Amino acid sequence: MNKNIGHNGVFPLFKGVPLRRILVALFLLQILLAVGLTAYLSIRNGQMAVNEVASELRYEVANRVEQNLQAYLSTPRQVLRGNQNVIDIGLLKMENLATWESYLIKQLEIFPDAVALTASNEQQEHLAVEKLNDRQYLLRKADKSTGYDLYTYKIDSFGQRTQLPEIIKNYDARSRPNYQAAVTAKKFSFSQIFTSITEPTLLISASQPIYNPQGELLGVNSTLTHVSQIGDLLQNIKVGKSGQVFIIERSGLLVASSTAEEPFRLQNGKPIRLAASQSGNAFTQASAKYLETKFSKFDQIKSLQQLDFSFDGKRQFLEIRPLQGEPNVNWLIVVAVPEADFMGQIDRNTQTTIFLCLGVLGLAILLGIVTASWITQPILYFSTAAKDLADFTKGEDSVVIVQGIKEVEILGESFNEMMQHLRKTFTAQITKNEELELQVKQRTEELQQEIQKSINSEQKLEQHNRALAELANHKAISEGNLETAFKVITEKAANALEVERVSVWLFNSDDDDRLRQRTKLQCISLYERSNQKHSAGLERDRADYSIYFKSLTSARIIAVTDTRTDLRIQELWDEFLETKNIVSLINTSIWVGGEVVGTVLYEQIDIPRIWEVSEQNFVSSIAEFVALTLEVCDRESAESALREAKEAAEVANRAKKTFLVNMSHELRTPLSSILEIAEALQNEVYGTVTAEQRQFLNTLESSGKNLLELINQILELTDIESSKIELQLAATSIPELCDSSLSFVKNLALQKNIQLSVQMPEELEPIQVDERRIRQVFINLLSNAIKFTHDGGKVWIEVQPNSTNEYIFFSVVDTGIGMLSDDLFRLFQPFIQVENASTRRSAGTGLGLVMVQKIVELHGGTVHAESQLGKGSRFTVKLPWKKVGVWGVES
C-alpha cells in the first residue's frame, strides 16, 4: 500500500523549498513563540505580584492602624472605669473636687498617654490636670473660691504651684462637649472632635457620667486627648516608599494623617476643621476626591473596600476600612499606596528580560543556520545512496555508509538490515496470531464475568422494583397509617437491600416548630432483619451530634463505605456504630413541604459495602414513600378538621339567620308603635307637653331611630352574607356619583363648619356599578369622616385611576382625630368601634364599615384604611373600571 505524504494540508506550500530553510524557519518560529510567551508571562506575573503585594500591604497597614487606634482609645475607658470604682467605694466624692487633684496627678503618671484628666460636677466646679513632662503639670480649676473663673496653674515635681496669667471668666464645664456627650449618652461615651478654649488645637474626649444611688447626676469624669497625637501614631507607620495613611469622619472631615499635616487651619487664631478633599497634600486630596466620587455618602461604607484609581497618570492603590470597636467613634481608615512604589524593580527586570530575549533570539538564528547545515548535509548523502538502492539487481552490492550523525547512521544500518528482517517477519506474524488468539480467549472470559454481573444487577433492580410496587399498593401508606406503614417500609427495604437494620427517624415537632430550629431526631420505627424485630424510641440531640445533623440537612444522601473514617458520622462511632459493628451505612433525607423532616437510615453489619447507584436510587424512593405517608397523614387530619369546622359554621349560620328573622319581626313592631306614640306626644295630640317632657320625648325618638337603624343594618348585613342581594349594575357617571354623595352629608358638614371638596381627573368614563349601593358606601365613609373631624376641618374625595385603567381608586380623606395604626385591623369587624377620648363621644353601631366592605367586595373591589393619630385618616375603595366582568351573588 502506498502512502502519499505531503500532498494534503500545508505541505504543498513547502514544495521546492530547501530543507535547510525550512528547518531554520521552524526553529526560529519556536524560539519566537517561547521568548514571546516567556516575556508576556514575566510581565503578567510581575503585575499580579504587585497587585497581591499591594493588597497585602494595604490590609496589614490598615490592620495595624486599627489595632493601634483601638489600643489608644481603650486607655480612656480603663482610666474612667478605675475612677468609677474609686468613687463607688467612697474614696472620691464628686461633691468635693479638692480631693481629686493629687489623685489625677498620680493617674497621669500611670497612664502617660492621657493628655488631660478632668472632673466636673453639677455645682459648676471643674478640675483638670494635664501632663507637660515627667516633672511638670498644668492644673486648671474653677470653683467657688475662684468665682467660677477658670484659673491655670503650673505644678512642679515638689508640688509648688505657680499661677499663670491665663484666666477664663465665668467658666461652666457643663456646657463643654465632653460633659454634654456623657449627659446625653448616660453612659461612657466618646465626644465628637471639638476645639480647645485654651489653645488652638483639636480635642476628643472620653467621658463617664457619675450618678448617686438615687440615679441623680452628680457630675462627669473625662479624659481629653489631642487629636494631633493620633497623627503621631500614623507617622510611626511606614506605608511603602511614599504611601500614606489618613483617617476621616463619615462627614469627610480629616481626623489625622501620616503626612504630619494638621487636620485644621487657623482662621482669626481659631482652628477650623479641614475636609480631606481640601487637604494641602495633593495625594491625600486626590484620594479623598476619588472616594467622594465613588461613594456619594461615606455612610454607605459598611465594610473593607480595596480600590485603585489614577493620579498624575499613574495607578494608585487604595483601601478604606471602618474603625471597629468603639461605636461612638465612627471613623474611616484610608491607606493609599502608589503602584510606582512596587513597579521600579519590576520595570528594570522587564527591560532586562526583553534585552535577554533579543540576545537569545539572535543567537538562536545563528545556531539555527549552523544546525540546519549540519543536519541536511548527511541527508543529501543518504538520498544519493537511496537512489542507488532502487536498482534491486545491485541490492547485494548496495550498502549505505553514512557518518557524522548517529540517527542518520542508524537509519543506514536499518536500511541494510531491512531485507533480513523481512524473512523474520513471517515467523513473527505466526507468533503474533497465536498471541491474538490467547487475548481473544481472555477477553471472552472477562465478558462472561461482566454479563453475570449485569444479570445480578438486574436481579437486584427487579427485587427493588418489586418491593417498591408492593409499597405503592399497600393500604397503610395510602391511608396515612404511620405506625403500620413505617413497619412495612422498613421491613421491605431491609429485605430488598439485604441490610441488617433499617430505621425511620423524624425531627421533633410541636406548636412552635416553625419558630425555632429542630433540635432532636426521634426513631419512629427500627427493623432488625436477623431477628425480624420492630422497635422505636431512640433519640439523638443536635447538641451532641452537630456535624451529623448538619450533614443530614445539607445532602439528600449520605453514603458511607467505611464508618471508621467518614467525618460526617464520626460523632456516632463510639456510642452507636462500634458497639453494634456497623461498618457501612447510607442515610436519605425525608423532604416534606420543601424542608427536611427526618431521615431513613440503612446499616450494614460486619462486611464493608460500596453502595451502588441503583441502591442509592432505591433508598431515595423509600424516602419518598415515607414522605408520602407523612403527607397523606397530614392531609387526612386537615380534611377531618375542615369538615368539622364547615359543619359547625353551617349550623351557626342557620341559627343566626333564624334568630335575626325572628328578632326583626319581634323588635320592629313594638319599636314602630313606640316611635308613633312619641311623635303623637310631640305634636301634643294628647295634650300640652312641657319642655322637660319634650326633651325626654326627643331622646326617646332618637334612641328608637338608632335602634331601628341598627336592626335594618343587621338584616341588610345578614342578607349580604347569605347571598340574598343581587347588584343592579349600570353605567354610572363618576362625577355625579361623587357630587350626589357629598350632597347627602352637606348639612352635617355645615353644622361643624367643615369644608367639602372633590379632586378628580377630567373626562372620566362611566363605571359599571350598583349606583345606590356605592353611594351608600361613600355616604357611610363621608359621615364617619365628618363625625371624627374637628370644627373647621376638611373632608374631600380623591379619584385616581391606576396606570392601566383597569382599576379606579376612590379615597375619602379627612383632617380629623385619626387613630393608632394598631387599631386599623379592628375597623371592619362587626359591632367594633375604635375608642379614644374623642370617639367615646360619637355614637355608632359599629356596622357601617362592615357594610362598606361587604358592598365593595360584591363589586369585586377592596377597601383599605390608613390613619395617623391627630393627623387624619384615608379610606380608599378600589373598584374594577375598564375591564368590567359580571358581578353579583346568586340568590
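Cut-offs applied
Residues numbered from 1 in each chain as written. Predicted model: local features only at pLDDT ≥ 70, side-chain atom pairs only at ≥ 80, totals over all residues. Heavy atoms only, no water. Pairing = 2+ DSSP bridges. Helix = DSSP H or I, 4+ residues; strand = E, 2+ residues; numbered from the N terminus. Axes fitted to C-alpha atoms, helices over the stretch in contact; angles between N-to-C directions. Contact = heavy atoms within 4.5 Å. Parallel < 35°, antiparallel > 145°, perpendicular 65-115°, else oblique. Left-handed = near helix turned anticlockwise from the far one by under 90°. Nonpolar A, V, L, I, M, F, W, Y, C, P; charged D, E, K, R; others polar. Salt bridge = Lys/Arg side-chain N within 4 Å of Asp/Glu carboxyl O. Patch = residues over 30% accessible without salt bridge, like charges linked within 9 Å, V, L, I, M, F, W, Y side chains within 5 Å. Areas by Shrake-Rupley, 256 points an atom, 1.4 Å probe, with all protein chains shown as cover. Buried < 20%, exposed > 50% of the residue type's maximum accessible area, 1.4 Å probe, protein only. pLDDT = per-residue confidence, 0-100.

Colleague: Tell me about the sheet that holds strand β11 (residues 254–257), and name the residues and values.
Modeller: Taken together, the five strands give an open sheet; going across it, the order is β11-β10-β16-β15-β14, and neighbouring strands pair in antiparallel fashion. Only two strands of the sheet have a single partner each, and these edge strands are β11 and β14 (305–311). Direction aside, the axes of adjacent strands within the sheet are offset by 25° on average. Across six bridges, strand β10 (residues 244–249) lies against strand β16 (residues 331–338) in antiparallel orientation. From the neighbouring strand, F246 faces β16, where its bridge partner is V334. Lying on the sheet, helix α4 (residues 228–235) is in contact with β10, β11 and β16; it crosses β11 at an angle near 40°. Along the sheet, helix α5 (residues 282–294) contacts β10, β11, β14, β15 (314–322) and β16; its crossing angle with β14, the most-contacted strand, is approximately 120°.

Colleague: Break down the packing of helix α14 (residues 734–744) against helix α16 (residues 771–787) for me, with residues and values.
Modeller: Where α14 contacts α16, the two axes come as close as 9 Å, and the packing angle between them is 50°. Taken together, the axis directions place α14 and α16 in an arrangement best described as oblique. Handedness of the α14/α16 crossing: right-handed. Contacts between α14 and α16 involve L737, S740, S741, L742 and F744 on the former and, on the latter, E771, I774, R775, F778, I779 and L782. Here the residues of the contact of α14 with α16 sort into seven nonpolar, two polar and two charged.

Colleague: Explain the packing of α16 against helix α17 (residues 848–858) residue by residue, including any values.
Modeller: In contact at an axis separation of 9 Å, α16 and α17 are set at 145° when each is read in the N-to-C sense. Handedness of the α16/α17 crossing: left-handed. Contact with α16, carried on its side by R773, I774, Q776, V777, N780, L781 and N784, involves G848, L849, M851, V852, I855 and V856 of α17 and no other residues of that element.

Colleague: Can you explain the pattern of salt bridges? Please cite residues and give values.
Modeller: For the structure shown, the criterion picks out 22 salt bridges. When the shortest N-O distance is used, the salt bridge between R568 and D566 registers 3.0 Å. Connected via shared salt-bridge partners are E66, E319 and R321.

Colleague: I'd like a rundown of the sheet that holds strand β27 (residues 794–801), residues and numbers included.
Modeller: The strand order β25-β27-β28-β30-β29 describes an open sheet built from five strands, whose pairing is mixed. Looking at which strands have only one partner, the edges of the open sheet turn out to be β25 (755–759) and β29 (862–868). This sheet shows a mean twist of 15° between the axes of neighbouring strands, independent of strand direction. In this structure, strand β28 (residues 807–814) lies alongside strand β30 (residues 872–880), joined through seven bridges in antiparallel fashion. Within β30, the position partnered with F810 by the bridge is V877. Contacting β25, β27 and β28, α14 runs over the sheet at an angle of about 170° to β25. Across the sheet, α16 lies against β25, β27, β28 and β30, angled at about 25° from β28, the strand it touches most.

Colleague: An account of a nonpolar patch on the surface is requested, with residue identities and associated values reported.
Modeller: Side chains of L363, L366, L367 and V370 sit close together on the surface and give an oily, nonpolar patch of about 380 Å² of accessible area. The residue L363 is located in helix α6 (residues 340–389) in this model.

Colleague: Outline unusual backbone geometry, listing residues and values.
Modeller: In this structure, E498 is a non-glycine residue whose phi angle is positive, near 60°. Examined against the element boundaries, E498 turns out to sit in the loop between α9 (482–497) and β17 (501–507). Backbone geometry at Q532 places phi at a positive 50°, although glycine is not the residue there. Looking at where Q532 falls in the secondary structure, it is placed in the loop between β18 (520–528) and β19 (533–535). Using a relative accessible area of 63% as the deciding quantity, one classes Q532 as exposed.

Colleague: Provide a residue-level description of the confidence of the model for the chain, including the pertinent values.
Modeller: Per-residue pLDDT for the chain averages 80, and the proportion of residues at 70 or more is 80%. Here residues 511–516 is a poorly scored stretch, pLDDT under 50, and it has four contacts once near neighbours within four places are set aside; other chains count.

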